[in-house]
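Each chain, letter by letter, is given below.
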Amino acid sequence: MSVVIEARDVTFAFGQTPALRGASVAVEAGEILAIMGPSGSGKSTLLHCLAGILVPDSGEISFAGARLDTLAETQRSSLRRDRFGFVFQFGQLVPELTAVENVALPLLLSGVRRTSALERAKAWFARLGLDGLEERRSGELSGGQAQRVALARGLVAEPQLLFADEPTGALDSLTGEQVMDLLVSAAREQGTTVILVTHEARIAAYADREVMVRDGRVNAPDRIVS
Amino acid sequence: MSVPLTLLGLLEREPSHGYDLKRDYDTFFGRGKPLPFGQVYSTLSRLARDGKVVISDVAPGSGPDRKRYIITDVGATEVEQWLTQPVEPEPHLQTVLFAKVVLALMLDRPAADYLDTQRSAHLHRMRELTEIKRAGSLVDALLADHGLYHLEADLRWIEMTGARLDALRKEVRQ
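Residues numbered from 1 in each chain as written. Chains lettered and ligands numbered in written order. Predicted model: local features only at pLDDT ≥ 70, side-chain atom pairs only at ≥ 80, totals over all residues.

Along its length, chain A carries seven helices and ten strands. For a compact globule of 226 residues, the expected C-alpha radius of gyration is about 17 Å, and chain A comes in at 17 Å, within 12% of that figure. Across its three principal directions, the C-alpha atoms of chain A cover 50 × 40 × 35 Å. Burial statistics for chain A: of 226 residues in total, 47% are counted as buried. Partitioning the contacts of chain A with sequence separation of at least 6, the portion at a separation of at least 24 is 71%. (Helix = DSSP H or I, 4+ residues; strand = E, 2+ residues; numbered from the N terminus. Rg over C-alpha atoms; globule rule 2.2 N^0.38 Å. Buried ≥ 20, exposed ≤ 12 C-beta atoms within 10 Å, placed from the backbone. Contact = placed C-beta atoms within 7 Å.)

What follows covers the domain arrangement of chain B. On domain assignment, one finds that chain B holds domain 1 (3-84) and domain 2 (92-172). Here the C-alpha centroids of domain 1 of chain B and domain 2 of chain B sit 37 Å apart. (Domains from an automatic or database assignment.)

Moving on, we get to the nonpolar core. Of all hydrophobic cores here, the largest spans 82 residues; its most connected members are Ile35, Ile195 and Leu196 of chain A. When residues of this core are assigned to their parent elements, the largest contribution, six residues, is made by helix H5 (residues 143-155) of chain A. Sequence-distant contacts of Leu196 of chain A, that is, excluding residues within four places in its chain, are made with Ile32, Leu33, Ala34, Ile35, Ala164 and Ala207 of chain A. The next biggest cluster of nonpolar side chains, apart from the first, holds twelve residues, and it includes Leu11, Leu21, Val40 and Tyr69 of chain B. (Core = buried A, V, L, I, M, F, W, Y, C linked by C-beta atoms within 7 Å.)

If you look at the interface, chain B gives eleven residues, while chain A gives ten residues. Of all the secondary structure elements, the ones that give two or more residues to the side of chain B that touches chain A are helix H6 (111-135) and helix H7 (138-163) of chain B. Here the side of chain B that touches chain A takes seven residues from H6 of chain B, the largest share from any one element. Looking at side-chain class alone, the side of chain B that touches chain A contains four nonpolar, two polar and five charged residues. (Nonpolar A, V, L, I, M, F, W, Y, C, P; charged D, E, K, R; others polar.)

With that settled, the discussion passes to the packing of H5 of chain A against helix H6 (residues 173-190) of chain A. Residue and element names in this part refer to chain A. Between H5 and H6, the least distance of the axes is 10 Å, while the angle of their chain directions is 15°. By the angle class used here, H5 and H6 are roughly parallel. Relative to H6, the crossing made by H5 is right-handed. Across from Gly143, Gly144, Gln147, Arg148, Leu151 and Leu155 in H5, the residues of H6 making contact are Thr175, Gln178, Val179, Leu182, Leu183 and Ala186. (Axes fitted to C-alpha atoms, helices over the stretch in contact; angles between N-to-C directions. Parallel < 35°, antiparallel > 145°, perpendicular 65-115°, else oblique. Left-handed = near helix turned anticlockwise from the far one by under 90°.)

The next point concerns the confidence of the model for chain A. Overall, the predicted model of chain A reaches an average pLDDT of 91, with 96% of residues at or above 70. Across residues 222-226 of chain A, confidence stays below pLDDT 50; counting only partners more than four residues off in sequence or on other chains, it has eleven contacts. (pLDDT = per-residue confidence, 0-100.)

Residue and element names in this part refer to chain A. With their axes 8 Å apart at the nearest point, helix H3 (residues 99-109) and helix H4 (residues 114-127) run at an angle of 125° to one another. Here H3 is positioned oblique relative to H4, judged by the angle of their axes. Every pair of crossing elements has a handedness; the one defined by H3 and H4 is right-handed. Of the residues in H4, those in contact with Val100, Val103, Ala104, Leu107 and Leu108 of H3 are Arg114, Ala117, Leu118, Arg120, Ala121, Lys122 and Trp124. For the contact of H3 with H4, the per-class residue count stands at nine nonpolar, no polar and three charged.

Once that is clear, we can look at the sheet that holds strand E5 (residues 66-67) of chain A. In sheet architecture, strand pairing relies on hydrogen bonds along the backbone and comes in two forms, parallel and antiparallel. Residues and elements named next belong to chain A. Pairing within the open sheet is antiparallel, and its four strands lie in the order E2-E1-E4-E5. The sheet terminates laterally at strand E2 (17-28) and E5, the two strands that pair on one side only. Relative to strand E1 (residues 3-14), helix H1 (residues 43-50) is tilted by about 125°, and along the sheet it contacts E1, E2 and strand E4 (58-63). (Pairing = 2+ DSSP bridges.)

Let us look at helix H3 (residues 37-49) of chain B. All names here are of chain B. With 13 residues, H3 should cover 18 Å at 1.5 Å per step; its first-to-last C-alpha distance of 18 Å lies within 8% of that length. Looking only at H3, the buried set comprises Val40, Thr43, Leu44 and Leu47. Projected down its long axis, H3 shows its buried positions confined to an angular sector of 100°, all on one face. Opposite its buried face, H3 presents the exposed residues Gly38, Ser42, Arg46 and Arg49, each directed more than 90 degrees away. One or two steps after H3, the chain reaches Gly51, where phi turns positive at roughly 75°. (Expected span 1.5 Å × (residues − 1). Arc of directions from axis to C-beta.)

The next thing to look at is the pairing of E4 of chain A. Regular strands place side chains that alternate from one sheet face to the opposite one. All names here are of chain A. Note: E1 against E4, five bridges, orientation antiparallel. Paired with Ile5 across the bridge in E4 is Phe63. Pairing of E4 with E5, which is carried by two bridges, proceeds in the antiparallel orientation. Of the residues in E5, the one forming a bridge with Ser62 is Arg67. In this structure, the hairpin formed by E4 and E5 is closed by a connection of two residues, where Ala64 is found at a positive phi of approximately 50°.

Secondary-structure assignment places Pro38 of chain A in the loop between strand E3 (32-36) and H1. Under the C-beta neighbour-count criterion, Pro38 of chain A is labelled partly exposed, with 15 such atoms within 10 Å. Taking the C-alpha atoms as reference points, Pro38 of chain A and Val213 of chain A, 175 residues apart in sequence, are found 7.8 Å from one another. Leaving out residues up to four positions away in the same chain, Pro38 of chain A has contacts with His199 of chain A together with Glu159 of chain B.

All names here are of chain A. The strand order across the open sheet formed by six strands is E6-E7-E8-E3-E9-E10, and the pairing between neighbours is mixed. Edge positions in the sheet fall to strand E6 (84-87) and strand E10 (217-219), since each of these pairs with one other strand and no more. Sheet twist, expressed as the mean angle between neighbouring strand axes with direction ignored, is 20°. Bridging between E3 and strand E9 (residues 209-214) involves four bridges; their strand directions are parallel. When the bridges of E9 are listed, Ala34 appears paired with Glu210. H5 contacts E6 and strand E7 (161-165) of the sheet and is inclined by roughly 170° relative to E6.

Right under this line is the structure:
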């Protein structure tokens, strides 16, 4: 297995408040990694740095062997659009769009023709048990349905990496586990590497491995990397 | 797992032979630890002696006679009482872990590291149970969930204790 993304000695502060104090973690291709830690430990900040949403104050982020943190915002933006997928806690679907349009969004933004994008998006509805909900808007979906739509949107472009930040945080236990089951199956099927931020052990148990973030540093159980 | 009460419960569903009882027990409750035939028949003999089951008929055959067991009112009452009584909560792990943490703090050992090791072991087991849940039947999932929720409760205790280690250290080293 080769390392697909890596943070090395990353620091990041929100103003005067340090969030990461030398965090290091490496993720292998196809791996599902859970980043755990208490509230305010820096786990979401680490995910945002890995995804190129935030630029570290110091340290390095490399993706597929090349530096990511030194890229211009436009290049990082392209990378996020073309190679990465995202699922957040509250789905964050575009309320004006239908469910299928929401799923198709990453494809449309990448320049895929509308008919083809919608067709590929529709294929995900059967796969995730969302048959018949294609034309609904986010307000007409339950929390679990909306999160499955968000998951489809995160995976539709077959990203190399999926970043999931508390993807089940707003769902009840059973629905949350159903979403995780689908996430893991779909990611494994298409070989997508997953970086999952969660504070719930039962959700982290779906991953291949977990690391703990505490006080802005990463503590891996099998190997101390920072 | 109470074998006599579980067998009684299976008999309340329908009268059965020892062989069928063993098969049903292994299917639903055995989980890799099948009930030995010897234990099935010795348990049934005790239940018969105590008036909780009776033998309805004996079917002769080439092998040993096949006895058919029927639950009695006494047996059914016992099943009813067992099902309705809550199970004694057993915070067993915490007592061991609690002792380890307190001793580690007293002896100035790295209690936080011990908790990290325990967390890792718990998560490893939770991953195994999650795999069982994903690959197995709904009955498997139910059993795995029971283990997962208990392990999760332990982990919450580990997190809470980890956050209080400095204060605990002061208290136990006074």
